[in-house]
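# A look at the structure
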Amino acid sequence: MALFVLFGSFARAAKEMAIAYRYGVSAEVDAYLFVFNLVSWPVGVWFSVLTVVLIPLAARIRQGSSAELPRFRSELFGLALLLGLALVFLNWLGLPLLLHSSWTGLPHSTAVIAANMVPTLALLAPLGVIISLFSAWMLAAGRHANTLLESVPALAVLVALLVFPGGGAEPLVWGTLAGFAFHLASLAVPLARQGEIEAPRFTRRSPQWTPFWQGFGIMLAGQTLMSFTGIIDQFFAAHLGTGAIATLSYANRILALILGMGAMAVSRATLPVFSQAQAQGGEQVSRVATHWARLLFALGVIAMIVGWWLAPWGVRLLFERGAFTAQDATVVTEVLRYGLAQLPFYFAGIVLVSLLASQRRHRAIAAVGSINLLVKVVANFSLVPWLGLNGLVLSTAFMYLISMSLCWLTVQRSR
């Protein structure tokens, strides 16, 4: 798992290096990120909820009534198709209206560029919904190849930027769409070979829908609120001027490399194991999870200290070339250093969330997500006027501190 995450991190880093070289901190990057993040937000919520709800449910189905699994898969596939179609039409209709409103904070020229991207980037929604479903099924089966395949969109964007050197944002936009299409194909082929893709059904007759909806509704509300913090940051950044969204994105990309190497590998490795152990009794799961939470908190502190010293070198190595200037590197480095404060809290919290998910403590996870949104908004309004972009990332660290503390208290009370 860690090896797959490492490869995916390198692919995403190469993509970000190409974007920085080609566009720097520009209006094109601001526009692309603004639209891409809005389109990807519901897809990300869908994937997060599926991962938390579907993996433990699939473990119980395989343990007790595996013959019901194909029908449930086919009906869930039908639901995903309907959701994807609904999202693409909402994006086509709603995003242009949003971009032409004044309260987004985008300069007029950036909003025009973003509006031109909407027809193409809106197609990412149905592709992303199906990709999320197929990825969740692979994780539920204990196969982690989807983690490696998540590098496909980044590689497609990289190739598009290298092959089509012309001006404008078209290579970035169309490369992203091609990457999602290739990612979907790369997941569908191995699943089809294993006989784990059935024709979609648009009915709800499987008896597994009842436990699925019990967890899904609660987690959907909590994850929607939790993930909305990224959208809030985007709107705050848009009001800080041209290039602010791009600067925040470059800093977050480096943070994502660090988080991915630790948190993604651990969470995707632990959730299926915790879920299977819970289905078989799970007496020792809480003890193991708290041990890993302490260990990852300590590793997060070390990573934060080392990252602080290496941040200037890392930003220059990854981005400082072409349109990305030394001044841009200085600004991104400062934002990155403030963002590193979130590492220990995020690393420890992700293990605790995996434990709660394996125990089907969906209400507790949703409650933490709701509190996180409130904490994030209050912290943004308090820190952004004082620290600007640095305040945005520092407020994220404070949010993860509260989240980790609440999850820890919940786990200890259950023990």
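For the structure, check the block above.
Here's a quick rundown of the structure. Only a predicted model underlies this, so the values are computations on that prediction, with no experimental measurement involved. (Residues numbered from 1 in each chain as written. Predicted model: local features only at pLDDT ≥ 70, side-chain atom pairs only at ≥ 80, totals over all residues. Heavy atoms only, no water.)

## So, helix H12 (residues 326-339)
Operational definition: Numbering of helices and strands starts at the N terminus; helices are DSSP runs of H or I of at least 4 residues and strands are runs of E of at least 2. Take the residue count of a helix, subtract one, and multiply by 1.5 Å to get its expected span. Burial classes follow relative accessibility: with a 1.4 Å probe on protein chains only, a residue under 20% of its type's maximum area counts as buried, one over 50% as exposed, and anything between as partly exposed.
Compared with an ideal rise of 1.5 Å per residue, which puts 14 residues at 20 Å, H12 spans 20 Å between its outermost C-alpha atoms and is within 8% of the ideal. Inspection of H12 places Asp328, Ala329, Val332, Thr333, Val335, Leu336 and Gly339 among the buried residues, and these make up the whole buried set.

## A few points about the packing of aromatic side chains
Rule in force here: Pairs were defined over the aromatic rings of Phe, Tyr and Trp, the Trp ring being its six-membered one, requiring ring centres within 6.5 Å. Orientation was assigned from the angle between planes: stacked under 30 degrees, edge-to-face over 60, tilted for the rest. For a Lys NZ or an Arg CZ to count as sitting over a ring, it must be within 6 Å of the ring centre and within 35 degrees of the ring normal.
One pass over the structure, following the stated rule, counts 21 aromatic pairs. Seen in terms of ring centroids, tryptophan 41 and phenylalanine 228 are 5.2 Å apart; in terms of plane orientation they differ by 55 degrees. Their pairing is tilted. Remark: phenylalanine 228 occurs in helix H9 (residues 209-238) and tryptophan 41 occurs in helix H2 (residues 27-64); sequence separation between them is 187 residues. When its relative accessible area of 25% is taken as the criterion, tryptophan 41 is described as partly exposed. Classification of phenylalanine 228 by relative accessible area gives partly exposed; the value is 32%. The rings of Trp46, Phe72, Trp137, Trp209, Phe212, Trp213 and Phe216 are connected pair by pair, giving a single aromatic cluster. We note arginine 204 situated over the ring of tryptophan 209; from NZ or CZ to the ring centre the distance is 5.0 Å.

## Focus on the side chain of asparagine 380
Selection criterion: By the criterion applied in these results, polar contacts are pairs of N or O atoms within 3.5 Å in which, for protein atoms, one can donate a hydrogen and the other can accept it, and in which residues neighboring in sequence qualify only through two side-chain atoms. Contacts are residue-level and defined by heavy atoms, with any inter-residue pair within 4.5 Å sufficient.
Here asparagine 380 lies in helix H14 (residues 362-387). Classification of asparagine 380 as buried rests on a relative accessible area of 0%. At 3.0 Å, the side chain of asparagine 380 forms a polar contact with the side chain of aspartate 233. Every residue in contact with asparagine 380, bar those within four places of it in the chain, is listed here: Ile232, Asp233, Phe236, Pro385, Leu392 and Ser395.

## What about the environment of isoleucine 113?
Positionally, isoleucine 113 belongs in helix H4 (residues 108-121). Residues isoleucine 113 and leucine 127, 14 residues apart in the sequence, show an inter-C-alpha distance of 23 Å. If we skip the residues at most four places from it in the chain, isoleucine 113 touches Ala27, Glu28 and Ala31.

## Some words on the packing of H9 against H14
The description of two helices packed together rests on the angle between their axes and the distance between the axes. Which entries qualify depends on this criterion: Interaxial angle, 0 to 180 degrees, is taken between N-to-C directions of lines fitted to C-alpha atoms, where a helix line uses only the stretch in contact. Should an angle lie under 35 degrees it is considered roughly parallel, over 145 roughly antiparallel, and from 65 to 115 roughly perpendicular; all remaining angles are considered oblique. The handedness criterion is simple: a crossing whose near helix is rotated anticlockwise from the far helix by less than a right angle is left-handed, and one whose near helix is rotated clockwise is right-handed. Following the grouping adopted for this structure description, the nonpolar residues are Ala, Val, Leu, Ile, Met, Phe, Trp, Tyr, Cys and Pro, the charged ones are Asp, Glu, Lys and Arg, and the polar ones are all others, Gly among them.
At their nearest, the axes of H9 and H14 sit 7 Å apart, and the two run at 15 degrees to each other. Taken together, the axis directions place H9 and H14 in an arrangement best described as roughly parallel. As H9 packs across H14, the resulting crossing turns out to be left-handed. For the contact of H9 with H14, a count of residues per class yields 13 nonpolar, 8 polar and 3 charged.

## Comments concerning the nonpolar core
The line we're drawing: Residue types Ala, Val, Leu, Ile, Met, Phe, Trp, Tyr and Cys, when buried and joined through side-chain atoms within 4.5 Å, form a set referred to as a nonpolar core.
In terms of nonpolar packing, the biggest core is built from 127 residues, with Phe72, Leu76, Trp137, Phe212 and Tyr250 touching the most fellow members. The leading source of residues in this core is H2, at 21 residues. If we ignore the near neighbours within four places in the chain, the residues touching phenylalanine 72 are Leu54, Leu57, Ile61, Trp137, Ser206, Gln208, Trp209 and Phe212.

## Brief notes about the environment of proline 312
By secondary structure assignment, the location of proline 312 is in helix H11 (residues 285-319). Considered as a pair, proline 312 and proline 153 are 159 residues apart in the sequence and their alpha carbons are 27 Å apart. Residues within four places of proline 312 in sequence aside, it is in contact with Thr333 and Arg337.

## A look at a nonpolar patch on the surface
What counts, and what does not: A patch is a set of surface residues, each over 30% in relative accessible area and not in a salt bridge, joined within 9 Å for like charges and within 5 Å for the nonpolar side chains Val, Leu, Ile, Met, Phe, Trp and Tyr. For the area figures, the Shrake-Rupley method with a 1.4 Å probe applies, and any residue is considered shielded solely by the protein chains shown. Here a salt bridge means any side-chain nitrogen of Lys or Arg lying within 4 Å of a carboxyl oxygen belonging to Asp or Glu.
Judged by side-chain polarity, Val288, Trp292, Leu295, Leu299, Ile302, Ile305, Val306, Trp308, Trp309, Leu310, Trp313 and Leu317 come together as a nonpolar surface patch covering roughly 1,200 Å² of accessible area. Following the sequence through the fold, leucine 295 ends up in helix H11.

## Some words on the side chain of serine 395
Topologically, serine 395 is positioned in helix H15 (residues 389-414). Residue classification places serine 395 among the buried positions, given a relative accessible area of 0%. Sequence-distant contacts of serine 395, defined by excluding residues within four places in its chain, comprise Lys376, Ala379, Asn380 and Leu383.

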